[in-house]
There are 2 protein chains.
Amino acid sequence: MRSLLLLTAAALLIGAAPAKKLLTPTDIVTAAPAAAWKTIAADDLLVLDLKSGGRVVVQLAPAFAPIHVANIKALARGKYWDGATIYRVQDNYVAQWGLNESDKPWPAGVTAKPPAEYTRAYKGLKVTPLGFADPYTPGTGFVDGWPVAYSAKAGWANLAHCYGAVGVGRDLSPDTGTGGELYAAIAPLRHLDRNIAVVGRVIDGIDQLSSLPRGTEALGFYKDKSSFVPIASIRVASDIPAGERPAYEYLNTASASFAAYVRVRANRHDTFYIRPAGGVDLCNVNVPVRKKA
Amino acid sequence: MRSLLLLTAAALLIGAAPAKKLLTPTDIVTAAPAAAWKTIAADDLLVLDLKSGGRVVVQLAPAFAPIHVANIKALARGKYWDGATIYRVQDNYVAQWGLNESDKPWPAGVTAKPPAEYTRAYKGLKVTPLGFADPYTPGTGFVDGWPVAYSAKAGWANLAHCYGAVGVGRDLSPDTGTGGELYAAIAPLRHLDRNIAVVGRVIDGIDQLSSLPRGTEALGFYKDKSSFVPIASIRVASDIPAGERPAYEYLNTASASFAAYVRVRANRHDTFYIRPAGGVDLCNVNVPVRKKA
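A. Expanded view of the state of the cysteines. All names here are of chain A. Evaluated as defined, the whole model comprises 2 disulfides over all chains. The side chain of C162 participates in a disulfide bridge whose partner is C283; the two sulfur atoms lie 2.1 Å from each other. Residues C162 and C283 are joined by a disulfide whose S-S torsion is about -75°; by sign, that bridge is left-handed. Of the two residues, C162 sits in the loop between β10 (156–159) and β11 (165–168) while C283 sits in the loop between α5 (256–266) and β16 (289–291), which places them 121 residues apart along the sequence. For C283, a relative accessible area of 11% translates into the label buried.

In structure tokens, the structure reads:
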């Protein structure tokens, strides 16, 4: 029997849809005016080039973990990661990279024992609330493109461990990690929120991490060094010549376009969907990010 | 600088922990009595063997989608999937397999147009509520090992699209899919709940799907047939000779051990964690399943 494309296949068929077209999230993002997009500063982009030719781009979050982010820039600029690899991929959990068990000294400008930047003050943040219940925190929403969890009452906020979140590997407390070993969440891991410094998120090339073979040792560490995935370079985009530098923009999470996008994510009603959920969880919203020409 | 194992590394160090040991979720599962485990019937296990040598095992859910599950057994027994492949892997979404665009006739016993088994009656289910807020549905919890969402008031319940959920590919409504094309969720996809028949979940070998290269065509379809991942066989475990047949058991979700496990998943307090979340979402609970000797 002939069969079906399934799921979001509907989005492809929509060109043939009747007059009163029901918008998909993609339709809303495509129609968003230029003014609804915000460029990410080149100084806040970390570009990982794999020896395989793949590229992973991380947007850094200095507003949430300033000292760890400063460390990461100093590590990149000080060539700390020369010879770095991806040495751990745990299914439904994380992909982790760095030098692993190394005695290499920190480059200049690295704070060896940063404070625990696991939350920041709620005060001073302009939050666009998500508006749906959350099992982990009193509030969830978006700040300047970032998914955040917070307690307005207790006065804290944190970057949420959604898919693609980049965090700082650490040993047991009081260690807070320097930034030398980083991981990307390849699943939502909200239970780690407020226990680790989240320093950014993968905005391009997450599949270069998520599709890697899983490590067979405990916690997904690769057993043999021959399995380690070599990294050619880790650079801050502002250090890359302007003509070669990648650039990205995200949909302003305070914009009307983003509000419409969230509404439709929570109430999918295009041709494929029969029963809209009426809600969506923070990590299933996926803030739109796209490459700039 | 020497660096860190991170995250659940704490679990490995716990042997050296002080007298008042704080239990991890794994500790609770390991300590659960034999009576807290329930064997999965061999007739409810679908065994996919890949030509690569990898194996993916799916537990079927006849209590939620009886006609689609009966179809799947008839398809396996009628050798419908001879020559089947994994032909679609969309990052943070699904891995999908079957014959794709095929005109092969259905084997005997297949209902060509099953009803929309997207929900079932709430009545008759013994639900163990999760007890935390959910953005999608009034209620979430567990029924006989399965993560479910429900509205007691409206009278429906559905299997939740958590990581590993297996659903039936379908075309636009009124098509409901037969079961010939199946997908496994490689991310939580709760927005698909009640829009597709969920027929089971991957209980072993999900990494064989989640680590595959992502398809480069729209919706993650592989561009070239040479990228398709060939499947050697798809069998119901009860059709495999008893000595070769894999067997699994799951932690009874109505047991005291499971209740303790959920409590600790929601309040991680072992040596690595500083701030327990105080809640957990349905799809982050992960019902423990293990192979039987």
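There's plenty left to go through after this.
B. Focus on helix α3 (residues 66–77) of chain B. Helix length check: α3(B), at 12 residues, gives a terminal C-alpha distance of 16 Å against a target of 16 Å (1.5 Å per residue), a fit within 8%. Among the residues making up α3(B), those that are buried are H68(B), V69(B), N71(B), I72(B), K73(B), A74(B), L75(B) and A76(B).

C. Highlighting the relation of the copies chain B and chain A. You can overlay chain B on chain A at an RMSD of 0.0 Å; the transform is a turn of 180° with a shift of 0.0 Å along its axis. The superposition operator between the copies reduces to a two-fold rotation axis. Taking C-alpha positions as the reference, the residue of chain B nearest the rotation axis is S211(B), at 2.1 Å.

D. Region of the structure containing the packing of aromatic side chains. Taken as a whole and judged by the stated rule, the model has 16 aromatic pairs over all chains. Plain terms: the ring middles of Y80(A) and W106(A) are 5.1 Å apart, the flat faces sit at 35° to each other, and that makes the pair tilted. Of the two residues, Y80(A) is situated in the loop between α3 (66–77) and β4 (85–89) and W106(A) in the loop between β5 (94–98) and β6 (120–121); the sequence distance between them amounts to 26 residues. This pair shows no difference in class: Y80(A) is buried, exactly as W106(A) is. The interplanar angle of 25° and the centroid separation of 5.2 Å between the aromatic rings of Y122(B) and Y150(B) together place this pair among those described as stacked. Of this pair, Y122(B) sits in the loop between β6 (120–121) and β7 (128–129) while Y150(B) sits in strand β9 (residues 146–151), and the two are 28 residues apart along the sequence.

E. Geometry of the sheet that holds strand β11 (residues 165–168) of chain B. All names here are of chain B. With antiparallel pairing, the 8 strands of this closed barrel are ordered in space as β2-β3-β13-β11-β12-β5-β4-β14. In this sheet, adjacent strand axes meet at a mean angle of 35° when their direction is disregarded. Taken together, the 4 bridges between strand β3 (residues 55–60) and strand β13 (residues 198–204) define a ladder with antiparallel strand orientation. Within β13, the position partnered with L60 by the bridge is G200. Strand contacts of α3: β2 (45–50), β3, β11, β12 (182–185), β13 and β14 (229–236), with the helix running at about 110° to β14, the strand carrying the most contacts.

F. Looking closely at the environment of A157(B). Residues and elements named next belong to chain B. As for its position among the elements, A157 is in strand β10 (residues 156–159). Sequence separation between A157 and A121 is 36 residues; the distance between their C-alpha atoms is 6.1 Å. Sequence-distant contacts of A157, defined by excluding residues within four places in its chain, comprise T119, R120, Y122, L125, A149 and Y150.

G. Just α3(A), in detail. Lining the buried residues of α3(A) we find β2 (45–50), β3 (55–60), β11, β12 (182–185), β13 (198–204) and β14 (229–236) of chain A. Just beyond α3(A), the residue with positive phi is K79(A), at close to 55°.

H. Structural view of the pairing of β10(A). Residues and elements named next belong to chain A. Residues W156 and N158 of β10 are buried on one face, and the alternating residues A157 and L159, pointing to the opposite face, are buried as well. Two strands pair when backbone bridges link them, and β6 and β10 are joined in this way by 2 bridges, in the antiparallel orientation. Note that in β10 the partner of R120 across the bridge is A157. Here 4 bridges tie strand β9 (residues 146–151) to β10, and the two strands are oriented antiparallel to one another. Paired with A149 across the strands is N158, a residue of β10. The turn linking β9 back onto β10 is made up of 4 residues, and G155 within it adopts a positive phi angle of 90°.

I. Region of the structure containing unusual backbone geometry. Of note, the bond from S173(A) into P174(A) is cis; its omega dihedral lies within 30 degrees of zero at 15°. Along the chain, P174(A) falls in the loop between β11 and β12. For N100(B), which is not glycine, the phi torsion reads 55° and is therefore positive. Mapped onto the fold, N100(B) is located in the loop between β5 (94–98) and β6. The phi dihedral of D144(B) falls on the positive side, at around 50°, and the residue is not glycine. You can call D144(B) partly exposed: its relative accessible area is 40%.

J. Geometry of the interface of chain B and chain A. Across the boundary between the two partners, chain B contributes 76 residues, which contact 76 residues of chain A. For the pairing of chain B and chain A, the buried interface totals around 6,500 Å² over both sides, and the portion due to carbon and sulfur atoms is 55%. Applying the counting criterion to the chain B and chain A interface returns 19 residue pairs in polar contact (both at pLDDT 80 or more). Every element with two or more residues in the side of chain B that touches chain A is listed here: α1 (9–13), β5 and α4 (207–210) of chain B. Sort the elements by how many residues they give to the side of chain B that touches chain A and α1(B) lands first, with 4 residues.

K. Structural detail: the side chain of N195(A). Note on placement: N195(A) falls in the loop between β12 and β13. Within the local environment of N195(A), its side chain forms a polar contact with the backbone nitrogen of R275(B), the two atoms lying 2.8 Å apart. Leave out the neighbours within four places in its chain, and N195(A) touches Y118(A), R170(A), Y273(B), I274(B) and R275(B).

L. The side chain of T140(A), seen in detail. You can see T140(A) is positioned in strand β8 (residues 139–143). Residue contacts for T140(A): discarding those within four places in its chain leaves P129(A), L130(A), F132(A), D134(A), V148(A), A149(A), Y150(A), R190(A) and L282(A).

M. Region of the structure containing the sheet that holds strand β15 (residues 248–251) of chain A. Residue and element names in this part refer to chain A. Read from one edge to the other, the open sheet built from 3 strands follows the order β1-β15-β16, with strand pairing classed as antiparallel. For this open sheet the edge positions go to β1 (37–39) and β16, each flanked by a neighbour on one side alone. Strand-to-strand, the axes of this sheet are offset by a mean angle of 30°, without reference to chain direction. Pairing analysis gives 3 bridges linking β1 to β15, with the strands arranged antiparallel. Across the sheet, the residue bridging to W37 is L251, located in β15.

N. Quick look at the confidence of the model for chain A. Residues and elements named next belong to chain A. On average, residues of chain A score 93 in pLDDT, and 93% of them reach the 70 mark or higher. Overall, residues 1–19 carries pLDDT values under 50, and its contacts beyond four positions in sequence, including any with other chains, amount to 57 contacts. In the predicted assembly, ipTM is 0.93 and pTM is 0.93.

Scoring rules and cut-offs
Residues numbered from 1 in each chain as written. Chains lettered and ligands numbered in written order. Predicted model: local features only at pLDDT ≥ 70, side-chain atom pairs only at ≥ 80, totals over all residues. Heavy atoms only, no water. Disulfide = S-S within 2.5 Å. Helix = DSSP H or I, 4+ residues; strand = E, 2+ residues; numbered from the N terminus. Buried < 20%, exposed > 50% of the residue type's maximum accessible area, 1.4 Å probe, protein only. Expected span 1.5 Å × (residues − 1). Least-squares fit on C-alpha atoms with pLDDT ≥ 70 in both. Phe/Tyr/Trp six-rings, centres within 6.5 Å; stacked < 30°, edge-to-face > 60°. Pairing = 2+ DSSP bridges. Axes fitted to C-alpha atoms, helices over the stretch in contact; angles between N-to-C directions. Contact = heavy atoms within 4.5 Å. Buried area = accessible area lost by both parts, 1.4 Å probe. Polar contact = N/O pair within 3.5 Å; in protein donor to acceptor, adjacent residues only side chain to side chain. pLDDT = per-residue confidence, 0-100.

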